[in-house]
Amino acid sequence: MALVQVRNVDKVFRRDSEEITVFKGLAIDIAEGEFLALMGPSGSGKTTLLNMLAGLDQPTTGSIEIAGENIAAMKRRRLAEWRATNVGFIFQLYNLIPVLTALQNVELPLLLTRLSRRERRERAVTALRIVGLEDRSDHFPRQLSGGQEQRTGIARAIVTDPRLILADEPTGDLDAKAAAEILDLLQRLNRDFGKTVIMVTHDPNAAERAGRTLHLEKGVLLEAVRS
Amino acid sequence: MTRTGLVVANLRRRRRRAVLTILGVAIAIFLFLTLRSVLTTLEDSGEVGSESRLIVRNSIGIVFPLPIGYRTRLLSLDGVEGVSWSNWFGGTYIEPRNFFAQLAIDAQTYLPLYPEFVMPEEQRRAFMGERTAALVGRGLAERFGWQLGQTITLRGTIYPGDWPFTIRAIYEPGRDRFPDNVMYFHFAYLEQAFGGAYSDEIGTFVLGLSDPTRAADIAAQIDALYENSAVPTKTETESAYQLGFVGLFGNIGFFLNTIGMAVVFAILLVAANTMAMSSRERVPEVAVMKMLGFGDRFIFSIVLAEAFLISLIGTALGLGGALLVFNLGRFDALGFVPGLAVAGRSVLLTLAIAAGLALASGLFPARRAARLNVIEALRHVA
């Protein structure tokens, strides 16, 4: 059974009296342990889809089931709780909290758990070790390179051990070398830790790292290509 | 990393701004407490006096004398146990700014009316046995570093010339709020110095009563007695007499309260502005935190806690400063009122104001942060 099941999803935005249809009858299945790349031009609906999968936005109609739970029917508060344990999010601009160290940034999502202070710290250190930044744990974001910031962002995304990792252009702000390292890391998380990764990207080279690539064109799934 | 750590870390974001805001709150609280302390001290000044003693003064005003001849008549009144008198001297010590209350008294009759004077018996005897002796309060002695046996010279403003005194006794107040910053000396010294020129005039009479509940009746009786005389009297309890000094300042309570509230309101605007700025700057971070799964309530509590922390630190500094300056320092309005101090009720009021300040400055930014639309906010980031 697929980890993610998107069924008959319509998404309509209303601006004043105008209605903009982003998705019409969208359907996708994403298997557990899959590494999926979502490509498409700006305005095609990639980020909207990612937001819906993260439970930040809800479809106008249709259902989104993740691990058997229909998140499209969840209330705002329940969605926040669900997100805290089931989804790790990686941003294009890293979005680390500037006044927290790398370790504290990684530990942040664990404040929502019942773990003790010591357990939280241990898990954050482990996450930083996985991304190869254990020795930078006391550095603030301004003291890190772009690649290191993104790796910290990835550590933050995996620290709660979520089944689903959503990445919105994770290499969009990095040079080629740093981008390659981030993609290596995502592949490793997918391959070695069994994480399901859904990555939005404009970069065909990045998409090549994924096991499957979907193209979105004006909200329509035009092409599905298996690599 | 804890929730508290997160709040403190946020405060460090703009250190200078946070420090300035905290200082602003601290200064406002300090000023507010200063004004409140003046007010409460004046309100409490009635406690300096007693309800069981009556003060008889010239009805025209306290600066006008009474004939000493009234003494015999006053003493004969039913319910009056003792009669004494005092005269305001109005001298300065070394410099004009060293001004404090000095009273010329008839010590033989005055001291028995005031059990509040606590001093060793030998000092009492030494004071009683010397015409130029002075009895000073402990606070006054500490203020000028006076020792027993020391001779001090006052310069008279009402009674011209230099007046040497020898400190023979230092008293401790026998009850709370009884002033320890007054100097007493023998009326006979004043009388002698002017060759009897002032011997038939005194400032005020003080009467000891056998039954304090009859104070109002006796006061009315005295004033009626001299109503048609050349020098009519005004008689009131010692407490009421002290409170009369407060009345000299007019409606000072309203004045001080208004300024105090204006100061608090001004700092409220500053704190609210700071919180609003801080909240606006953090829109993307709040969005990220929500994306990580932090709920509206958590976000609300974090932003509000920051406002409380600013207010708490500022209040602690302001309150601590006021306690340090006033409760450890000395200010006595030249002896008319007890030392200026931060009253317990002012501390409670300040804590309530601090909580109100935090709520007023933090509530709106906290609510806005909690209701933030994550997608809209992240769109700005991207």
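Quick notes on the rules
Residues numbered from 1 in each chain as written. Chains lettered and ligands numbered in written order. Predicted model: local features only at pLDDT ≥ 70, side-chain atom pairs only at ≥ 80, totals over all residues. Heavy atoms only, no water. Helix = DSSP H or I, 4+ residues; strand = E, 2+ residues; numbered from the N terminus. Buried < 20%, exposed > 50% of the residue type's maximum accessible area, 1.4 Å probe, protein only. Contact = heavy atoms within 4.5 Å. Areas by Shrake-Rupley, 256 points an atom, 1.4 Å probe, with all protein chains shown as cover. Buried area = accessible area lost by both parts, 1.4 Å probe. Salt bridge = Lys/Arg side-chain N within 4 Å of Asp/Glu carboxyl O. Polar contact = N/O pair within 3.5 Å; in protein donor to acceptor, adjacent residues only side chain to side chain. Nonpolar A, V, L, I, M, F, W, Y, C, P; charged D, E, K, R; others polar. Phe/Tyr/Trp six-rings, centres within 6.5 Å; stacked < 30°, edge-to-face > 60°. Axes fitted to C-alpha atoms, helices over the stretch in contact; angles between N-to-C directions. Parallel < 35°, antiparallel > 145°, perpendicular 65-115°, else oblique. Left-handed = near helix turned anticlockwise from the far one by under 90°. Pairing = 2+ DSSP bridges. pLDDT = per-residue confidence, 0-100.

Engineer: Help me understand the overall build of chain B, please; the structure alone is not making it clear to me.
Structural biologist: On a plain count of helices and strands, chain B comes out with 14 helices and 14 strands. When each of the 382 residues of chain B is scored for burial, the buried share is 51%. Partitioning the intrachain contacts of chain B with sequence separation of at least 6 by distance along the chain shows that 79% fall at a separation of at least 24. Accessible surface computed for chain B: about 17400 Å², of which carbon and sulfur atoms make up 61%.

Engineer: What's the story with the environment of Arg371 of chain B in this structure? I'm lost.
Structural biologist: With respect to the secondary-structure elements, Arg371 of chain B resides in the loop between helix H13 (344–370) and helix H14 (374–381). For Arg371 of chain B, the residues in contact, after removing those within four places along its chain, are Arg76 of chain A together with Lys290 of chain B.

Engineer: I tried to follow unusual backbone geometry on my own but got confused; where do I start?
Structural biologist: Trans is the common state for peptide bonds, and a negative phi is the common state for residues other than glycine. Residue and element names in this part refer to chain A. One non-glycine residue, Asn8, lies in positive phi territory at about 50°. Position of Asn8 relative to the elements: it lies in strand E1 (residues 4–15). For Ala67, which is not glycine, the phi torsion reads 50° and is therefore positive. Among the structural elements, Ala67 can be located in the loop between strand E4 (61–66) and strand E5 (69–70).

Engineer: Just checking my understanding: could you explain the interface of chain A and chain B for this structure?
Structural biologist: As a measure of interface size, the accessible area lost when the parts come together is often cited. Across the boundary between the two partners, chain A contributes 25 residues, which contact 28 residues of chain B. Contact between chain A and chain B buries roughly 2400 Å² in total, counting both sides, with carbon and sulfur atoms accounting for 67%. On the surface where chain A and chain B come into contact, there are 1 salt bridge. Our count for the contact surface shared by chain A and chain B stands at 6 residue pairs in polar contact (both at pLDDT 80 or more). Secondary-structure elements contributing two or more residues to the side of chain A that touches chain B are helix H2 (76–86), helix H3 (102–107) and helix H4 (117–130) of chain A. In terms of residue count, H2 of chain A provides more of the side of chain A that touches chain B than any other element does, 5 residues in total. A class-by-class count of the residues in the side of chain A that touches chain B yields 14 nonpolar, 3 polar and 8 charged.

Engineer: Sorry, what's going on with the packing of aromatic side chains here?
Structural biologist: Remark: the centre distance and the inter-plane angle together describe each pair of aromatic rings, the angle taken between the planes. Residues and elements named next belong to chain B. Evaluation of the coordinates by the stated rule reveals 28 aromatic pairs over all chains. Taking the centre distance of 5.2 Å and the plane angle of 80° together, the rings of Phe89 and Trp163 count as edge-to-face. Placement of Phe89 in the loop between strand E3 (80–88) and strand E4 (91–93) and of Trp163 in strand E10 (residues 162–173) is noted, with a sequence separation of 74 residues between them. As far as burial versus exposure is concerned, Phe89 and Trp163 are alike and both buried.

Engineer: Teacher, can you tell me more about the packing of helix H10 (residues 252–281) of chain B against H13 of chain B here?
Structural biologist: The packing of two helices is summarised by the inter-axis angle and the distance between the axes. All names here are of chain B. With their axes 9 Å apart at the nearest point, H10 and H13 run at an angle of 30° to one another. The orientation of H10 with respect to H13, classified from their angle, is roughly parallel. Every pair of crossing elements has a handedness; the one defined by H10 and H13 is right-handed. Here Met261, Val264, Ile267, Leu268, Ala271, Ala272, Met275, Ala276, Ser279 and Arg280 of H10 come into contact with H13, specifically with Ile353, Leu357, Ala360, Ser361, Pro365 and Arg368. Tallied by class, residues from the contact of H10 with H13 come to 12 nonpolar, 2 polar and 2 charged.

Engineer: Please explain the sheet that holds strand E2 (residues 18–30) of chain A as it appears in this structure.
Structural biologist: To summarise the sheet geometry, strands pair through backbone hydrogen bonds and adopt either a parallel or an antiparallel arrangement. All names here are of chain A. Read across the open sheet, the 4 strands follow the order E2-E1-E4-E5; overall the sheet is antiparallel. Unpaired on one side and paired on the other, E2 and E5 mark the two borders of the sheet. By the bridge criterion, 9 bridges tie E1 to E2 in an arrangement that is antiparallel. Each residue of the ladder has a partner; that of Val12, found in E2, is Thr21.

Engineer: Help me understand the pairing of strand E11 (residues 182–186) of chain B, please; the structure alone is not making it clear to me.
Structural biologist: Within a regular beta strand, the side chains point alternately toward one face of the sheet and then the other, so they alternate between its two faces. All names here are of chain B. Burial analysis of E11 places 5 of its 5 residues in the buried class, the great majority of the element. Note: strand E6 (residues 101–105) against E11, 5 bridges, orientation parallel. Considered in E11, the bridge of Leu103 is made with Tyr184. Sheet analysis places strand E8 (residues 133–137) next to E11, joined by 3 bridges and oriented antiparallel. From the neighbouring strand, Val136 faces E11, where its bridge partner is Met183.

Engineer: Looking at this model, I keep getting lost on H2 of chain A. Mind explaining?
Structural biologist: Note on helix geometry: an α-helix contains 3.6 residues per turn, so any two residues three or four positions apart are oriented the same way. Of the residues making up H2 of chain A, those classed as buried are Leu79, Ala80, Trp82, Arg83, Ala84 and Asn86 of chain A. Looking at the buried side of H2 of chain A, the elements it contacts are helix H1 (46–53), E4, E5, strand E6 (87–90) and strand E7 (164–168) of chain A together with helix H11 (283–291) of chain B.

Engineer: Just checking my understanding: could you explain the confidence of the model for chain B for this structure?
Structural biologist: Atomic detail in the predicted coordinates should be set aside for any region of low pLDDT. On average, chain B scores 86 in pLDDT, and the residues at 70 or more come to 92%. The ipTM assigned to the predicted complex is 0.87, against a pTM of 0.70.

Engineer: Explanation requested: the pattern of salt bridges in the structure shown.
Structural biologist: Residue and element names in this part refer to chain B. With the rule as written, the count across this model stands at 31 salt bridges over all chains. Of the charged contacts, one joins Arg57 and Glu236 as a salt bridge, the two residues approaching to 3.5 Å between their closest N and O atoms. On the criterion of sequence distance, the pair formed by Arg57 in strand E1 (residues 53–58) and Glu236 in strand E14 (residues 233–237) is long-range, its members being 179 residues apart. According to the relative accessible area criterion, Glu236 is buried, its value standing at 14%. Between Asp78 and Arg214 there is a salt bridge, with its nearest N and O atoms 3.3 Å apart. Of this pair, Asp78 sits in the loop between helix H3 (70–75) and E3 while Arg214 sits in the loop between strand E13 (204–209) and helix H8 (215–225), placing them 136 residues apart in sequence. Classification of Arg214 as partly exposed rests on a relative accessible area of 28%. Three or more residues joined by partner-sharing salt bridges are found here, namely Arg53, Glu116, Arg175 and Glu238.

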